[in-house]
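# Secondary and tertiary structure notes
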Amino acid sequence: MGTPPLSPWAVLVPTLVLVGLWAPCVVSRQPNFIVILADDVGWGDLGANWAETKETPHLDQLAAEGTRFVDFHSAASTCSPSRASLLTGRLGVRNGVTHNFAISSLGGLPLNETTLAEVLREAGYSTGAIGKWHLGHHGRHHPNSRGFDYYFGIPYSHDMGCTDTPGYNLPPCPPCPRHSPAARMARKDCYTEVALPLLENITIVQQPVELSSLARRYAEEAERFIQRASDKGRPFFLYLALAHMHVPLVPPLPPAPGRGIYGASLAEMDALVGRVKELADSLGRGSTLLWFTGDNGPWAQKCELAGRLGPFVGAWQRQRGGSSAKQTTWEGGHRVPALVYWPGRVPARRTSQALLSILDIFPTLVALAGAALPPNRRFDGLDVSPVLFGWSDVGHKVLLHPNSGTAGKVGEIEVLRLAQYKAFYTTGGAMACDGSTGPAQRHHPPLIFNLDRDIQEQEPLDVASREYQAVLPAISRAYAQALQDIAADNVSVADYSQDPAAIPCCNVQHVGCRCHGAHGARRDPHVESRTPWLCL
């Protein structure tokens, strides 16, 4: 396969410089890759980032033994688009995934998009996905058809189905019904009709899921997958997409005094990451790259069940009402924690200020595996190997942030980052804990913040100031070039149509599709069926 050009507006480091930095590093054997993606985690949820956080000793140790990236961003501020970008290296305006898929979605990540797992499997890797998928589960959109040899997890967010022990959510959700439909009581923001399924490959192994044991089962399945790959003598790629810290929260034990429900759940996630790191080390230090990050910022409307923003509070928006976290283009919505651990390769005890993105995982791992990027498309991510190895601290000059369900049109590029400057073309529309959403506003000319001086995004530059007038032309040019680049690209369109027959249901005869054990039928994942009790 040939290597297509990266988007010219996305690249800060000249190609010759990247080649020069990359040339001395020849990996003697293909490394293993573990990508851990936390859900709705806040930048301040790591003690290494925010001193007030005390529940993450394993993650803090990971930071101490690897490199911490403090200006790292998700590619969208909500679930499906962010995950699609991780696995394709492309923004939603290119890969077609601009908002979340439903439990009854017929489509998913467009089939003409090539996933990271597909590239790595072609390069000889064993590939496994454990945890939340949320990129389509019907027919060929299932993980087993998107490059993953093995899948174990939940096909979408774990609040998108009822369970017998619902855990903590706002508003509280009832358990799954056990009787006739007449006995059900609908609750706003709660799924009460269909139980949450747990899948192993294409088989439903439990419905509803037992949430309290999910973290343990994910760790066990990760260990089994790694052992199988090791027994075969093949390098592996494990994509571990955690349920933490998305609601409902199900802490393993009653919270310790002063810790609270969120803190107890955070401690459970931390222990899970620690266990996975031990697995990586057991394979021989230096053989496995581990990359931890998050899909987007905290879900502010969940109040005390939401994560910690750290200093990224989006003060301008807060003063006007509404959230400045998940779903938004404020820093709290897309700046996420990021740690990379690779003994002997990635420097320990290093903090990088490079402007990086979840988009960079795809091209970086492809390069480290000695594979080639898929042809006939452009990528928003960069191969940031030189930054990982400590040879450079330069990442993107321009980074785009799409609308993730707030004011404006979903998926459109509404915020642009140029070096330390951040320009907003649209604000408002996301719900805060107090129920406010903030007014939807278009900004022409854009609001521009200097993040070097104003990390809280409190006071935009005065339009009449010399600084604003000096930077506006560069921002306008970068924005226009970005839109032109996208328009000229091979752009995909996702199918967001829905059909109740696509809902995973292992026992249509039982209220809520209840069953336990491997009652789902094993079928060819490439064959779509309209039979309602089939997973596919």
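Here is what the cut-offs are and how they apply
In this convention, every chain numbers its residues from 1, walking through the sequence in written order. Given that the model is predicted, a residue must reach a pLDDT of at least 70 before its local features are reported, and side-chain atom pairs must reach 80 or more before they are shown or counted; all residues, however, enter totals for whole chains, interfaces and linings. As a convention, hydrogens and water are excluded, and side-chain values are obtained from all of the structure's heavy atoms. UniProt positions are given in the numbering used here, feature names are shortened, and annotations may be inferred rather than shown by experiment. Secondary structure follows DSSP: runs of H or I at least 4 residues long count as helices, runs of E at least 2 residues long count as strands, and numbering of each begins at the N terminus. By the criterion applied in these results, polar contacts are pairs of N or O atoms within 3.5 Å in which, for protein atoms, one can donate a hydrogen and the other can accept it, and in which residues neighboring in sequence qualify only through two side-chain atoms. Take the number of residues in a helix, subtract one, and multiply by 1.5 Å to get its expected span. Residue exposure (1.4 Å probe, protein chains only): buried if accessible area is under 20% of the type maximum, exposed if over 50%, otherwise partly exposed. Think of it as the arc spanned by the lines of direction from the helix axis to the C-beta atoms. Here, two residues are considered to be in contact whenever any of their heavy atoms come within 4.5 Å of each other. Interaxial angles span 0 to 180 degrees and are taken between N-to-C directions of axes, which are lines fitted to C-alpha atoms, for helices over the stretch in contact. Roughly parallel means an angle under 35 degrees; roughly antiparallel, over 145; roughly perpendicular, 65 to 115; everything else is oblique. Here the nonpolar group is Ala, Val, Leu, Ile, Met, Phe, Trp, Tyr, Cys and Pro; Asp, Glu, Lys and Arg are the charged ones; every other residue, Gly included, is treated as polar. A pair of strands counts as paired when DSSP detects no fewer than two bridges linking them.

Named according to an unreviewed UniProt entry, the chain is Arylsulfatase G originating from Loxia leucoptera. Looking at the Subcellular location (unreviewed entry) heading of the UniProt record, one finds this comment for the chain: "Lysosome". In its Sequence similarities (unreviewed entry) section, UniProt records this for the chain: "Belongs to the sulfatase family."

### Side note on the side chain of Asp-485
For Asp-485, the location among the structural elements is in helix α12 (residues 466-487). Within the structure, Asp-485 has its side chain in polar contact with the side chain of Arg-94 (distance 2.6 Å).

### Comments concerning helix α6 (residues 214-232)
Counted at 1.5 Å a residue, the expected span for α6 with its 19 residues is 27 Å, and the 27 Å between its end C-alpha atoms agrees. If you check which residues of α6 are buried, you get Leu-214, Ala-215, Tyr-218, Ala-219, Glu-221, Ala-222, Phe-225, Ile-226 and Ala-229. Around the axis of α6, the buried residues are gathered within 165° of arc, so they sit on the same side. Residues of α6 that are buried make contact with β1 (32-38), β4 (126-131), β5 (150-153), β6 (198-200), β8 (236-241) and α7 (260-282).

### A word on the packing of α6 against α7
The description of two packed helices rests on the angle between their axes and on the distance between the axes. At a minimum axis separation of 10 Å, α6 and α7 run at an interaxial angle of 10°. Classified by the angle their axes make, α6 and α7 are roughly parallel. Note on element contacts: α7 touches α6 through Glu-268, Leu-272, Arg-275 and Leu-279, opposite Ala-215, Arg-216, Ala-219, Glu-220, Ala-222, Glu-223 and Ile-226. Its residues assigned to classes, the contact of α6 with α7 comprises six nonpolar, no polar and five charged.

### Concerning the environment of Pro-155
Structurally, Pro-155 can be placed in the loop between β5 and β6. Sequence separation between Pro-155 and His-142 is 13 residues, and the spatial gap between their C-alpha atoms is 8.3 Å. Beyond its immediate sequence surroundings of up to four residues, Pro-155 is in contact with Trp-133, His-134, His-137, Pro-197, Leu-199 and Pro-504.

### Describing the sheet that holds strand β13 (residues 398-402)
The strands making up a sheet associate through hydrogen bonds between their backbones, and the pairing can be parallel or antiparallel. Strand order in the open sheet formed by four strands is β13-β14-β15-β16, and the pairing between neighbours is antiparallel. Pairing within the sheet leaves two strands with one partner each, and these edge strands are β13 and β16 (441-450). Ignoring which end each strand starts from, the neighbouring axes of this sheet average 20° apart. Taken together, the six bridges between strand β15 (residues 421-427) and β16 define a ladder with antiparallel strand orientation. Bridged to Phe-424 within β16 is Leu-447.

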